[in-house]
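Listed here are the chains, written in short residue letters.
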Amino acid sequence: MTMLEDYLEKNADRIDKMIHRYFADVHGDLFRASAHLLLAGGKRLRPAVVILSADAVRKGSSDDLLPAALALELTHNFTLIHDDIMDGDVARRGVPTVHMVWDEPTAILAGDVLYAKAFEFICLSDAGDSAKIRATKMLARTCAEICEGQSMDMAFEKRADVSELDYLEMVSKKTGVLYGASAAIGGILAGATPVQADALYQFGLNSGVAFQIQDDLIDLLASTAKSGKDRASDIREGKQTLIAIKAREKGLDLAPYRKDLSGEEIEDLIARLEAAGIIDEIRAIAVEKAVVAKKALTILPDSEEKRLLTEIADYFIDRGN
């Protein structure tokens, strides 16, 4: 196990303990539904970015900011519940999705509960009022951008002309901004200067885009057992990921794959994409975004936390390989 993996495991354990303290013994279907995915586990990557960014700005500050780290995990889970409804996904983190266990109205409200709780937990952080106002404003703006990104993602399904630039703008909003906010909010609450906070935001934004590109590859390449999600769901649903965009550019028709796919059909599709050089091209774009993310951190003083942040950017593009 690497130092980063060890750190992430210990951090996830710390966040899990908070989740169990606040969400394990809730009563009523609505609150059980809101806790369902939270209690199913996860790597808690966004809280890790909050905590590392805070300690990279001011060593030892993160213990006071654990509620903010949890706030970013709640925000992430609110988006997952709503995404699963919109995408019709039946599994997440190896468990049935919230709307499958309960129903869609309950799942929508469960996501809304987590959204509201996120702002409550930001305010529970031990930081100055001015910093908490800046952090809250950033989280609010981020949530609006995530909704815009999800709306773009759905609109893309009805278009046949989505470009690489369109895709990158969409994933910047859908995934990148939440990592950007995680890094910047950790820094802001720890006393970062505006320049430091912006650098942390750029780090999170670009590493988040790299994360999503890799996630799109994992959706296709990883088994359901490994990813915890329906395999090749993006292809079946006709999502305009970089895989679909690059395939179209190279004259590779994915329309025959918009159905329930056997394992053999998925392997055939992967072989065709690899032969066309598409998988390698997409990996190269993810690597480029990770490089940009790491460069943004050069403004911060050297520290163990800064080094771990740079390793997170690499980890995001190595997952599932």
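The model shown is predicted, which means the values in this text are computed figures rather than measured ones.

Rules used in this analysis
Residues numbered from 1 in each chain as written. Predicted model: local features only at pLDDT ≥ 70, side-chain atom pairs only at ≥ 80, totals over all residues. Heavy atoms only, no water. Patch = residues over 30% accessible without salt bridge, like charges linked within 9 Å, V, L, I, M, F, W, Y side chains within 5 Å. Areas by Shrake-Rupley, 256 points an atom, 1.4 Å probe, with all protein chains shown as cover. Salt bridge = Lys/Arg side-chain N within 4 Å of Asp/Glu carboxyl O. Helix = DSSP H or I, 4+ residues; strand = E, 2+ residues; numbered from the N terminus. Expected span 1.5 Å × (residues − 1). Buried < 20%, exposed > 50% of the residue type's maximum accessible area, 1.4 Å probe, protein only. Contact = heavy atoms within 4.5 Å. Polar contact = N/O pair within 3.5 Å; in protein donor to acceptor, adjacent residues only side chain to side chain. 1 Å grid on protein atoms, 1.4 Å probe; cavity = no way out; pocket = protein on both sides within 12 Å on 5 of 7 lines; lining within 4 Å. Points joined across faces, edges and corners; volume = space filled by probe spheres on them. Nonpolar A, V, L, I, M, F, W, Y, C, P; charged D, E, K, R; others polar. Axes fitted to C-alpha atoms, helices over the stretch in contact; angles between N-to-C directions. Parallel < 35°, antiparallel > 145°, perpendicular 65-115°, else oblique.

Draft legend 1. Fine view of a nonpolar patch on the surface. Taken together, Val90, Met100 and Val101 make up a surface patch of nonpolar side chains, about 240 Å² in accessible area. By secondary structure assignment, the location of Met100 is in helix H5 (residues 98-101).

Draft legend 2. Examining helix H15 (residues 304-318) more closely. Along its 15 residues, H15 runs 21 Å from first to last C-alpha, staying within 8% of the 21 Å computed at 1.5 Å per residue. Among all positions of H15, only Glu305, Lys306, Leu308, Leu309, Ile312, Ala313, Tyr315, Phe316 and Ile317 are buried. Where H15 is buried, its residues meet helix H1 (3-23), helix H3 (45-57), helix H8 (164-189), helix H9 (194-221) and helix H14 (278-296).

Draft legend 3. How the structure looks around the side chain of Thr142. Secondary-structure assignment places Thr142 in helix H7 (residues 129-156). Taking the relative accessible area as the measure of exposure, Thr142 reaches 1% and is therefore buried.

Draft legend 4. Broad picture of the side chain of Lys239. Inspection of the secondary structure puts Lys239 in the loop between helix H11 (233-236) and helix H12 (242-249). Looking at Lys239, its side chain comes within polar contact range of the side chain of Asp87, at 3.3 Å. Lys239 has contacts with Asp87, Asp153, Glu157, Asp234 and Ala244, leaving out every residue within four places of it along the chain.

Draft legend 5. Structural detail: the environment of Lys132. As for its placement among the helices and strands, Lys132 is situated in helix H7. Look at Lys132 and you get buried, because its relative accessible area is 15%. Taking the C-alpha atoms as reference points, Lys132 and Ile188, separated by 56 residues in sequence, lie 8.1 Å from one another. Leaving out residues up to four positions away in the same chain, Lys132 has contacts with Ile122, Cys123, Ser125, Ala127 and Leu189.

Draft legend 6. Representation of the layout of surface pockets in the model. The computed volume of the second largest pocket comes to approximately 260 Å³. Lining the second largest pocket are 17 residues, with Gly238, Gln240, Ala244, Leu254 and Arg258 positioned closest to its centre. Of all elements in the fold, only H11 and H12 reach the threshold of two or more residues within the lining of the second largest pocket. Per element, the largest residue contribution to the lining of the second largest pocket is three residues, and it comes from H12. Tallied by class, residues from the lining of the second largest pocket come to seven nonpolar, two polar and eight charged.

Draft legend 7. Inspection of the packing of H14 against H15 at higher detail. Taken N-terminus to C-terminus, the directions of H14 and H15 make an angle of 170 degrees; their axes are 9 Å apart at the nearest point. Regarding the angle of H14 to H15, the classification is roughly antiparallel. Facing H14, whose interface residues are Ala286, Val287, Ala290 and Lys294, H15 presents Thr310, Ala313, Asp314 and Ile317. By residue class, the composition of the contact of H14 with H15 is five nonpolar, one polar and two charged.

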